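A structural walkthrough
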Amino acid sequence: QVQLVESGGGLVQAGDSLRLSCTASVSTVGAMGWYRQAPGKQRELVAVISNEHGANYADSVKGRFTISRDNAKNTVYLQMNSLKPEDTAVYYCYCNARTTYWANYWGQGTQVTVSS
């Protein structure tokens, strides 16, 4: 059973920064990333990173968010700067990992709230 343990969410003011982290309990990990879901909206991709393809971002966060990973720790980070109220959402960690086969896994979600 693969577990993704997230941390780093919270309540901040517009313009502040937060850093999310997520550690996967499995040794063979492919792409890792972050999605978010705001109330009444569909879950959307925020950023994803892989050794093969590097980092990709949603247009709405380019220039403000930075995704990185520590392969030795199977951990992915999301540095969020210049936060806006529209960034308010539950942020979910994602990874593609292999146990006996490759599959996608999700974290439990961490709330990020940005007040104006």
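Reference entry: report on the structure contained in this document. (Residues numbered from 1 in each chain as written. Predicted model: local features only at pLDDT ≥ 70, side-chain atom pairs only at ≥ 80, totals over all residues. Heavy atoms only, no water.)

1. A few points about the overall build of the protein
- Broken down by element type, the protein carries zero helices and eleven strands.
- Listed N to C, the secondary structure of the protein is β-β-β-β-β-β-β-β-β-β-β in terms of helices and strands.
- Computed over the C-alpha atoms, the radius of gyration of the protein is 14 Å, within 12% of the 13 Å expected from 2.2 N^0.38 for a compact globule of 116 residues.
- Projecting the C-alpha coordinates of the protein onto the three principal axes gives extents of approximately 45 × 25 × 25 Å.
- Accessible area for the protein stands at about 6300 Å²; split by element, carbon and sulfur atoms hold 46% of it.
- For the protein, the distance from the average position of its 10 positive side-chain charges to the average position of its 8 negative side-chain charges is 3 Å. (Helix = DSSP H or I, 4+ residues; strand = E, 2+ residues; numbered from the N terminus. Rg over C-alpha atoms; globule rule 2.2 N^0.38 Å. Areas by Shrake-Rupley, 256 points an atom, 1.4 Å probe, with all protein chains shown as cover. Lys, Arg positive; Asp, Glu negative; His and termini not counted. Charge placed at Lys NZ, Arg CZ, Asp CG, Glu CD.)

2. Quick look at the pairing of strand β3 (residues 18-24)
- Taken across its seven residues, β3 has five buried, putting it largely inside the fold.
- When strand β1 (residues 4-7) meets β3, the two strands line up antiparallel, connected through four bridges. Along β3, the bridge assignment pairs Ser7 with Ser21. (Buried < 20%, exposed > 50% of the residue type's maximum accessible area, 1.4 Å probe, protein only. Pairing = 2+ DSSP bridges.)

3. Quick word on the sheet that holds β1
- Judged by pairing direction, the sheet is antiparallel, and its four strands sit side by side in the order β1-β3-β8-β7 without closing on themselves. The open sheet has two edge strands with one neighbour each: β1 and β7 (65-70). Neighbour-to-neighbour, the strand axes of this sheet turn through a mean angle of 15 degrees, independent of strand direction.
- Sheet topology places β3 next to strand β8 (residues 75-80); six bridges connect them, and they run antiparallel. The residue of β8 that forms the bridge with Cys22 is Val76. (Axes fitted to C-alpha atoms, helices over the stretch in contact; angles between N-to-C directions.)

4. Observations concerning the side chain of Glu6
- Note on placement: Glu6 falls in strand β1.
- One buried charge, Glu6, has no salt-bridge partner; the nearest side chain with opposite charge is Arg43, at 8.0 Å.
- At a separation of 2.6 Å, a polar atom in the side chain of Glu6 contacts the main-chain amide nitrogen of Gly109.
- Among residues more than four places away in sequence, those in contact with Glu6 are Ser21, Cys22, Trp34, Tyr91, Tyr92, Cys93, Gly107, Gln108, Gly109 and Thr110. (Salt bridge = Lys/Arg side-chain N within 4 Å of Asp/Glu carboxyl O. Polar contact = N/O pair within 3.5 Å; in protein donor to acceptor, adjacent residues only side chain to side chain. Contact = heavy atoms within 4.5 Å.)

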